[in-house]
Amino acid sequence: MPSISRLIDSAKARYWTQRGTWVYDNALLLLLKCLWSNVVPECTMASSNTVLMRLVASAYSIAQKAGMIVRRVIAEGDLGIVEKTCATDLQTKADRLAQMSICSSLARKFPKLTIIGEELVVWVDPLDGTKEYTEGLLDNVTVLIGIAYEGKAIAGVINQPYYNYEAGPDAVLGRTIWGVLGLGAFGFQLKEVPAGKHIITTTRSHSNKLVTDCVAAMNPDAVLRVGGAGNKIIQLIEGKASAYVFASPGCKKWDTCAPEVILHAVGGKLTDIHGNVLQYHKDVKHMNSAGVLATLRNYDYYASRVPESIKNALVP
């Protein structure tokens, strides 16, 4: 059997030469198979390994298809906007169609997925950053598919449908970022904020006093207020921000599962405001009620600056 290093080189070469198009090839599947015992040591049955490998590969192509749906709805001009709970909590035709596409594709390819749901859970956000989508802030929008095993996020896919949309009419739209713990993350160029700079990314549409007080406590050099958890994690891994701070309930498990994997796969860290690791088993509370704190580097610096009054106000 080829060495792990050769398989990694082969898989990376195939991925990058396809300019974002998934290649469901033997090199990548063999690579996943070789590494999966380290990623999920409890998963000893061959059938479970096969399901996990197929899920990662399928989630990539399913997310790309959902991204195409998101772009098509904008192009057709009818967003079909409805309010869910309030004026800042919206749903669009793209949310509904992308959700149907993702769920039907998963159900068709993995009809027994619910049977193994005791251990394996897929968390889906068909359109992360809906409010920004309705306002034309299209670079904030992502499609998220996260895979968790025994409560731990282990694989994730982020499709950014409008990546490159400001680069001109001839630009190729969209990209897909994916990652697996123990393997790495791909589809982007890892970059860090310059040393000594503290740039905070936080919510654009769901701010409150807790959020603003916590951001201020970080003594930031700059604050970026943008939409979408997926988008904020992309800012961290591409050197646009050094910490994602959201000291409030509101973010859900389907918002954080896939982005968490991408961040952790490149050495970052995502927790709640108290420093607790998020859990993703099927019976977990959907709301991340104690907020989110995430960094690519220097997590302890930002965690140490969270005021006790804010921690006391946010119950895990």
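Higher on the page you've got the structure.
We now turn to the structure provided with this report. Keep in mind the model is a prediction, meaning the values are calculated, not measured.

### What about the overall build of the protein chain?
For step 1, the next point in the chain: A tally of regular secondary structure across the protein chain gives ten helices and twelve strands.
For step 2, the next point in the chain: Residue burial in the protein chain is summarised as follows: out of 316 residues, 52% are buried.
For step 3, the next point in the chain: The long-range fraction of contacts in the protein chain, counting pairs at least 24 apart against all pairs at least 6 apart in sequence, stands at 68%.
For step 4, the next point in the chain: About 14100 Å² of surface is accessible on the protein chain, with carbon and sulfur atoms providing 53% of the total.

### Considering the sheet that holds strand S11 (residues 269-271)
For step 1, the next point in the chain: Strand order in the open sheet formed by five strands is S9-S8-S10-S12-S11, and the pairing between neighbours is mixed. Each edge of the open sheet is held by one strand with a lone partner, namely strand S9 (222-226) and S11. The sheet shows a mean angle of 20° between the axes of neighbouring strands, direction not considered.

### With respect to the nonpolar core
For step 1, the next point in the chain: Within the largest apolar cluster, 87 residues are counted, with the highest numbers of intra-cluster contacts made by Tyr 133, Ile 147 and Tyr 244.
For step 2, the next point in the chain: In terms of residue count, the dominant contributor to this core is helix H3 (residues 46-76) (eleven residues).
For step 3, the next point in the chain: Ignoring sequence-local partners within four residues, the contact set of Tyr 244 consists of Thr 201, Ala 229, Lys 232, Ile 233, Leu 236, Cys 251, Val 292, Leu 293 and Ala 294.

### Observations concerning the packing of aromatic side chains
For step 1, the next point in the chain: This structure, assessed with the given rule, holds five aromatic pairs.
For step 2, the next point in the chain: Taking 6.5 Å as the distance between ring centres and 35° as the angle between the ring planes, the aromatic pair formed by Trp 123 and Trp 254 counts as tilted. Placement of the pair is Trp 123 in strand S3 (residues 120-128) and Trp 254 in helix H8 (residues 253-265), with a sequence separation of 131 residues.
For step 3, the next point in the chain: A relative accessible area of 6% places Trp 123 in the buried class.
For step 4, the next point in the chain: Residue Trp 254 is classed as partly exposed on the basis of its relative accessible area of 27%.
For step 5, the next point in the chain: With a centroid separation of 4.7 Å and an interplanar angle of 35°, the aromatic rings of Trp 178 and Phe 186 are classed as tilted.
For step 6, the next point in the chain: Grouped by ring-pair contacts, the aromatic residues Trp 123, Trp 254 and Tyr 280 constitute a single cluster.

### Looking at the packing of helix H7 (residues 229-237) against H8
For step 1, the next point in the chain: At a closest axis distance of 9 Å, the pairing of H7 and H8 adopts a crossing angle of 10°. Comparing the axis directions of H7 and H8 gives the class roughly parallel. As for how H7 packs across H8, the hand of that crossing is right-handed. Contacts from Ala 229, Gly 230, Ile 233, Leu 236 and Ile 237 of H7 reach H8 at Asp 255, Pro 259, Ile 262 and Leu 263.

### Some thoughts on the pairing of strand S5 (residues 152-160)
For step 1, the next point in the chain: Here S5 lies mainly inside the structure; eight of its nine residues are buried.
For step 2, the next point in the chain: In this structure, strand S4 (residues 142-149) lies alongside S5, joined through seven bridges in antiparallel fashion. Considered in S5, the bridge of Gly 146 is made with Gly 156.
For step 3, the next point in the chain: The loop that links S4 with its antiparallel partner S5 comprises two residues; one of these, Glu 150, has a positive phi angle of about 50°.
For step 4, the next point in the chain: As paired strands, S5 and strand S6 (residues 175-180) are joined by six bridges and run antiparallel to one another. Counted as the bridge partner of Val 157 is Trp 178 from S6.

### Quick notes on unusual backbone geometry
For step 1, the next point in the chain: The residue Glu 150 is not glycine, and still its phi comes out positive at about 50°.
For step 2, the next point in the chain: For Glu 150, the position within the fold is in the loop between S4 and S5.
For step 3, the next point in the chain: In the Ramachandran plot, Asn 164 falls in the positive-phi region, its phi being about 85° despite a non-glycine side chain.
For step 4, the next point in the chain: Among the structural elements, Asn 164 can be located in the loop between S5 and S6.

### A look at the sheet that holds S5
For step 1, the next point in the chain: The strand order across the open sheet built from five strands is S3-S4-S5-S6-S7, with neighbouring strands paired in antiparallel fashion. With partners counted over all chains shown, the strands left at the sheet margins are S3 and strand S7 (184-186), one partner each. Adjacent strand axes in the sheet meet at a mean angle of 10° when their direction is disregarded.

### Observations regarding the pattern of salt bridges
For step 1, the next point in the chain: Tallied over the entire structure, the rule returns ten salt bridges.
For step 2, the next point in the chain: Measuring nitrogen to oxygen at the nearest pair gives 2.7 Å for the salt bridge that ties Arg 175 to Glu 238. Of this pair, Arg 175 sits in strand S6 while Glu 238 sits in the loop between H7 and strand S10 (243-246); the two residues are 63 residues apart in sequence, bridging distant segments of the chain.
For step 3, the next point in the chain: For Glu 238, a relative accessible area of 15% gives the class buried.
For step 4, the next point in the chain: Put simply, Arg 297 and Glu 192 hold a salt bridge, and the shortest N to O gap is 3.0 Å.

### Comments concerning H7
For step 1, the next point in the chain: Within H7, nine of the nine residues are buried, leaving the element largely enclosed by the surrounding structure.
For step 2, the next point in the chain: Within H7 the residues assigned to the buried category are Ala 229, Gly 230, Asn 231, Lys 232, Ile 233, Ile 234, Gln 235, Leu 236 and Ile 237.
For step 3, the next point in the chain: Positive phi shows up at Gly 239, right after H7, with a value of about 75°.

Quick notes on the rules
- Residues numbered from 1 in each chain as written.
- Predicted model: local features only at pLDDT ≥ 70, side-chain atom pairs only at ≥ 80, totals over all residues.
- Heavy atoms only, no water.
- Helix = DSSP H or I, 4+ residues; strand = E, 2+ residues; numbered from the N terminus.
- Buried < 20%, exposed > 50% of the residue type's maximum accessible area, 1.4 Å probe, protein only.
- Contact = heavy atoms within 4.5 Å.
- Areas by Shrake-Rupley, 256 points an atom, 1.4 Å probe, with all protein chains shown as cover.
- Pairing = 2+ DSSP bridges.
- Axes fitted to C-alpha atoms, helices over the stretch in contact; angles between N-to-C directions.
- Core = buried A, V, L, I, M, F, W, Y, C linked by side-chain atoms within 4.5 Å.
- Phe/Tyr/Trp six-rings, centres within 6.5 Å; stacked < 30°, edge-to-face > 60°.
- Parallel < 35°, antiparallel > 145°, perpendicular 65-115°, else oblique.
- Left-handed = near helix turned anticlockwise from the far one by under 90°.
- Salt bridge = Lys/Arg side-chain N within 4 Å of Asp/Glu carboxyl O.

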